[in-house]
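Residues per chain are reported as follows:
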Amino acid sequence: MKKLLTAAVAAFAVVLAGCAGNGGAGGPYKVIYHINEGNEQATDGLRNANNQLTVDPKAKIVFVTHSKGVNFLMKGAKDKNGNKYEDLVEGLKRKGVEFQVCEITLQRSKRTKDQFIEYASFVPSGVGQVTKLQQEEGYAYLKP
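Sequence order as written defines the numbering, with residues in each chain counted from 1. Per-residue local features of the predicted model are confined to residues with pLDDT of at least 70, and side-chain atom pairs are confined, for both listing and counting, to 80 or more; whole-chain, interface and lining totals are unaffected and use all residues. Side-chain measures here rest on the full set of heavy atoms in the structure, leaving out hydrogens and waters.

## Some words on the overall build of the chain
Counting its regular elements, the chain contains 5 helices and 5 strands. Along its sequence from the N terminus, the chain presents helices and strands in the succession α-β-α-β-α-β-α-β-α-β. Among the 144 residues that make up the chain, the fraction classed as buried is 37%. Contacts: residue pairs with any heavy atoms within 4.5 Å of one another. Across the chain, every contact between residues at least 6 apart in sequence was considered, and the portion connecting residues at least 24 apart equals 67%. Areas reported here follow the Shrake-Rupley algorithm with a probe of radius 1.4 Å; residue values treat only the protein chains shown as occluding. As presented, the chain carries roughly 8400 Å² of accessible surface, and 56% of it is formed by carbon and sulfur atoms. Comment: elements are numbered from the N terminus, with helices defined as DSSP H or I runs of at least four residues and strands as E runs of at least two. Residue exposure (1.4 Å probe, protein chains only): buried if accessible area is under 20% of the type maximum, exposed if over 50%, otherwise partly exposed.

This is the structure we're talking about:
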């Protein structure tokens, strides 16, 4: 029963996200990639975003990061294969992808904005930004 309920909720979320993602009017899909678990999740999200833009170049994608999810946007950060995240982020930025960092995370971790790559922008609250983009701007939600 629990599996059936979980599947039903997931299916409903996909349908709802599909409706919200393009504003219901055939406009470009708008998607939040929510990153808060660290570099492995960020790697998955970057790959997913590239794949999405390959089939839908007009998609509007925003990475919203907080907690451990901000780490890949720090200067000098590398993936497990030694690739600089900044290079991957720069490629996506050129395609219109936004990368937002939670200022609450910065305060709590005693980090400063100058420790982050130039492609990062800052929002007061990562969780608040996810909520705002979903409710006010019709973004679909993805968590790689």
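## Here we look at the packing of aromatic side chains
Working definition: a ring pair exists when centres of Phe, Tyr or Trp rings (six-membered ring for Trp) sit within 6.5 Å. Plane angles under 30 degrees give stacked, over 60 give edge-to-face, the rest tilted. Per the counting criterion, the structure on display carries 6 aromatic pairs. A ring pair is formed by Phe-63 and Phe-72, whose centres lie 6.3 Å apart and whose planes are at 55°; its orientation type is tilted. Relative to Phe-99, the ring of Phe-72 has its centre 6.3 Å away and its plane inclined at 70°; by these criteria the two rings are edge-to-face. Of this pair, Phe-72 sits in the loop between strand E2 (60-65) and helix H3 (85-94) while Phe-99 is found in strand E3 (residues 98-102), placing the two residues 27 residues apart along the sequence. The same class applies to Phe-72 and to Phe-99, which are both buried. Joined through ring pairs, the aromatic side chains of Tyr-33, Phe-63, Phe-72, Tyr-85 and Phe-99 make up one cluster.

## Brief notes about the sheet that holds strand E5 (residues 140-142)
Paired strands are those between which DSSP finds at least two bridges. Spatially, E4-E3-E2-E1-E5 is the arrangement adopted by the 5 strands of the open sheet, whose pairing is parallel. Edge positions in the sheet fall to strand E4 (120-123) and E5, since each has one partner strand and no second. Neighbouring strand axes in the sheet, compared pairwise and without regard to direction, differ in orientation by 30° on average. Sitting on the sheet, helix H5 (residues 126-137) touches strand E1 (30-35), E2, E3, E4 and E5, and the angle it makes with E2 is about 150°. Lines are fitted to the C-alpha atoms to define the axes, a helix being fitted only along its stretch in contact, and any angle between axes, read from their N-to-C directions, falls within 0 to 180 degrees.

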